[in-house]
Amino acid sequence: MSEQQATGDGSVATTAGPGRLYGVGLGPGDPSLMTVRAVDVIAGADVIAYHSARHGRSIARSIAAEHLRADHIEEALVYPVTTESTDHPGGYRGALDEFYESAAARLTVHLDAGRTVAVISEGDPLFYGSYQHMHKRLAHRYPTEVIPGVTSISAAAARLGKPLAEADEVLTILPGTLPEEELTARLASTDTAVVMKLGRTFPTVRRAMERAGRLPEAHYVERATMPGERTRKLADIDAETVPYFSVSVVPSRIADVPPPAMATRAEGEVAAQPGSSTGESTSADGPGEVAASPDSTDELAASLDEPGEVVVVGTGPAGPLWLTPESRGALAAAEDLVGYTTYLDRVPVRPGQRRHASDNKVESERAELALDLARRGRRVAVVSGGDPGIFAMATAVLEVASQDPYRAIPVRVLPGVTAANAAAARAGAPLGHDYAVISLSDRLKPWEVIAERLHAAAGADLALALYNPGSRSRTWQVGKARELLLEHRAPDTPVILARDIGGPGESVRTVHLADLDPLQVDMRTLLIVGSSQTQAVRRDDGTEVVWTPRRYPEG
């Protein structure tokens, strides 16, 4: 405590210089979870400040009550509004800002008088705490110390007995006040999550959990470590009973995976279709056997009662920056990952997941393996580059899924950023008007068909995105395509050579159609050929941008 002396009017004055400000975290509610440092600071403070709603009851004060003395000066900082509406000219935010300024001014009087002020706050003062509004208004003016406290998140996990995150898992903390679409996206993309500030937001949070596919994993914790504590599965909670001081926890997935020594053969092995060229099957805990498929066993019959699903996921043209939240969540939730080795390598290894890598020329076999796994009740993600519906795995999976015995297996296709769109964005906006997408690979269709389509698209003056332009075994298609296009386009038509977009070897160059060199093109290159209206412009900073006007000339 600071040195004090009584004044003639009975108030308390101090003889020291400016006082010291403390932000004191009290923990989640049980007074026994207060830290030793928090108790010491409260004991040494002259002024104890705490926030409350207009009813005057302060949770923070109730937690610290046994440590308050009769000679403590108490400052009750009563919110003018909490969840109700206000007629303040500045609206809800204006009313709160005015209140925070007024509360800070009240504490300033004590600090200027040399008194030590402890602003007590449930949980941690700088984690969604009311104290932080005092901190940003006063900490730069007075000596300040923040005493951390046990958060409600830690308390909720402890009361559930569920780890929040393990190893490389990402924990996302969300306020329930976010819009439903934002909550859904965040919940779908993260490994584990805690949603705070429920109460009236509960119906929105529950819908977001369900839409993100996380509802079966979600738990509910109310008043953790406090009287009236309640824990249940989120799906079982009545929205009308949910108070503000409650959280939803989506705990660690890894924590539910048995250690390798405890895993049984049934848990650790995954069957593959006999004779399929699916390559090596591994789990994150080490190599796994690939067993023959039981066609009519009790195990298969039992699994048909609870079929799994296949999700075909587009990872975009490169790494995680191109991955959508929905796709990220599907990859994290899968028990099995099936895909071309290059694309599987883009997905982080997760304990308990099994990876089935294969060559890029066995698409039908890969699709059959994925559906066979789902038929046994497994959650399977088929990993595809770019967008899975554009020259990729979605067609192969749906083709096989349309046949017996896979017609009943649920299949979802999640979109990804396409190579054409990624390359166009790097170059500018060359696909800003009508355009066609054509694969130059003649492995699945004859060159005569490709040539006919090139003539048709070029004759219609469409910009072109050309996939699969060349490979080690296909070296002449680019030159032939250039000849065909020059029958319809000017020699100086801009052509974009986009290679390894988003990857470490990314390169984007623009050349004239007449100067297109087939030797500069490989399977990792995508070509964009402009229309008659496409412009290539050198800007003042030296960069070149390519764009196609949205308006087309009449006549």
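Conventions used here
Residues numbered from 1 in each chain as written. Predicted model: local features only at pLDDT ≥ 70, side-chain atom pairs only at ≥ 80, totals over all residues. Heavy atoms only, no water. pLDDT = per-residue confidence, 0-100. Contact = heavy atoms within 4.5 Å. Buried < 20%, exposed > 50% of the residue type's maximum accessible area, 1.4 Å probe, protein only. Helix = DSSP H or I, 4+ residues; strand = E, 2+ residues; numbered from the N terminus. Arc of directions from axis to C-beta. Axes fitted to C-alpha atoms, helices over the stretch in contact; angles between N-to-C directions. Parallel < 35°, antiparallel > 145°, perpendicular 65-115°, else oblique. Left-handed = near helix turned anticlockwise from the far one by under 90°. Nonpolar A, V, L, I, M, F, W, Y, C, P; charged D, E, K, R; others polar. Pairing = 2+ DSSP bridges. Expected span 1.5 Å × (residues − 1).

Side note on the confidence of the model for the chain
Model confidence for the chain is summarised by a mean pLDDT of 87, while 88% of its residues fall at 70 or above. Long-range and interchain partners of residues 262-280, a stretch whose pLDDT sits below 50, account for 48 contacts in this model, where long-range means more than four residues apart.

Thoughts on helix H4 (residues 131-138)
Looking at H4, one finds that the buried residues are Tyr131, His133, Met134, Arg137 and Leu138. Taken around the axis of H4, the buried residues stretch over an arc of 160°, which confines them to a single face. Buried residues along H4 sit against strand E3 (21-25), strand E4 (47-52), helix H3 (91-112), strand E6 (117-121) and strand E7 (144-147).

Observations regarding the packing of helix H12 (residues 363-375) against helix H13 (residues 393-401)
Packing of H12 against H13 leaves a shortest axis separation of 8 Å and a crossing angle of 60°. With respect to H13, the axis of H12 lies oblique. By crossing handedness, the relation of H12 to H13 is classed as right-handed. Listed contacts from H13 to Glu363, Ser364, Arg366, Ala367, Glu368 and Leu371 of H12 are Met393, Ala396, Val397, Val400 and Ala401.

Description of the side chain of Thr493
With respect to the helices, strands and loops of the structure, Thr493 is situated in the loop between helix H16 (477-486) and strand E25 (494-499). Apart from the residues within four sequence positions on either side, Thr493 is in contact with Val511, His512, Leu513, Val529, Gly530 and Ser531.

Here we look at unusual backbone geometry
Here the bond from Asp404 into Pro405 is cis, since omega is 5°, no more than 30 degrees from zero. With respect to the helices and strands, Pro405 occurs in the loop between H13 and strand E21 (411-414). The phi dihedral of Lys197 falls on the positive side, at around 60°, and the residue is not glycine. With respect to the element layout, Lys197 can be found in the loop between strand E9 (192-196) and helix H7 (202-211). You will see that Thr225, though not glycine, has its phi angle at about 70°, which is positive. Along the chain, Thr225 falls in the loop between strand E10 (219-222) and strand E11 (230-233).

A short note on the packing of H3 against H4
Direction vectors running N to C along H3 and H4 enclose 65°, while the axes themselves pass 10 Å from each other. Here the hand of the crossing between H3 and H4 comes out right-handed. Residue-level inspection shows Asp97, Tyr100, Glu101, Ala103, Ala104, Leu107, Thr108 and Leu111 of H3 in contact with H4, the latter providing His133, Met134, Arg137 and Leu138. Considered class by class, the residues forming the contact of H3 with H4 number seven nonpolar, two polar and three charged.

Description of the pairing of E25
Most of E25 sits inside the fold, with five of its six residues counted as buried. Inspection of the sheet shows E25 paired to strand E26 (residues 507-512) by six bridges, in the antiparallel sense. The residue of E26 that forms the bridge with Leu497 is Arg509. Where E25 and strand E27 (residues 525-529) come together, five bridges link them in antiparallel fashion. When the sheet's bridge partners are listed, Val495 is paired in E27 with Val529.

Details of the sheet that holds E11
The sheet built from five strands is open, its strands ordered E8-E9-E12-E10-E11 with mixed pairing. A strand with exactly one partner marks an edge of an open sheet, and here the two such strands are strand E8 (171-175) and E11. Averaged over all adjacent pairs, the angle separating strand axes in this sheet is 15°, with direction ignored. Across four bridges, the pairing between E10 and strand E12 (residues 246-250) is antiparallel.

Structural notes on the environment of Gly386
By secondary structure assignment, the location of Gly386 is in the loop between strand E20 (379-384) and H13. For the pair formed by Gly386 and Pro415, sequence separation is 29 residues and the distance between their alpha carbons is 8.3 Å. Excluding residues that lie within four positions of it along the chain, Gly386 makes contacts with Gly314, Thr315, Gly316, Pro317, Gly416 and Val417.

Section: helix H15 (residues 447-459)
For H15, spanning 13 residues, the distance from its first C-alpha to its last is 18 Å, which sits close to the expected 18 Å at 1.5 Å a residue. Within the span of H15, buried status applies to Trp447, Ile450, Ala451, Leu454, Ala457 and Ala458. Down the axis of H15, the buried side of the element spans an arc of 135°, and every buried residue falls inside it. Turned more than 90 degrees away from the buried face of H15, the exposed residues are Glu448, Glu452, Ala456 and Gly459. Looking at the packing, one finds that the buried side of H15 touches strand E23 (435-439), strand E24 (463-467) and H16. The first or second residue beyond H15 is Asp461, which carries a positive phi of 60°.

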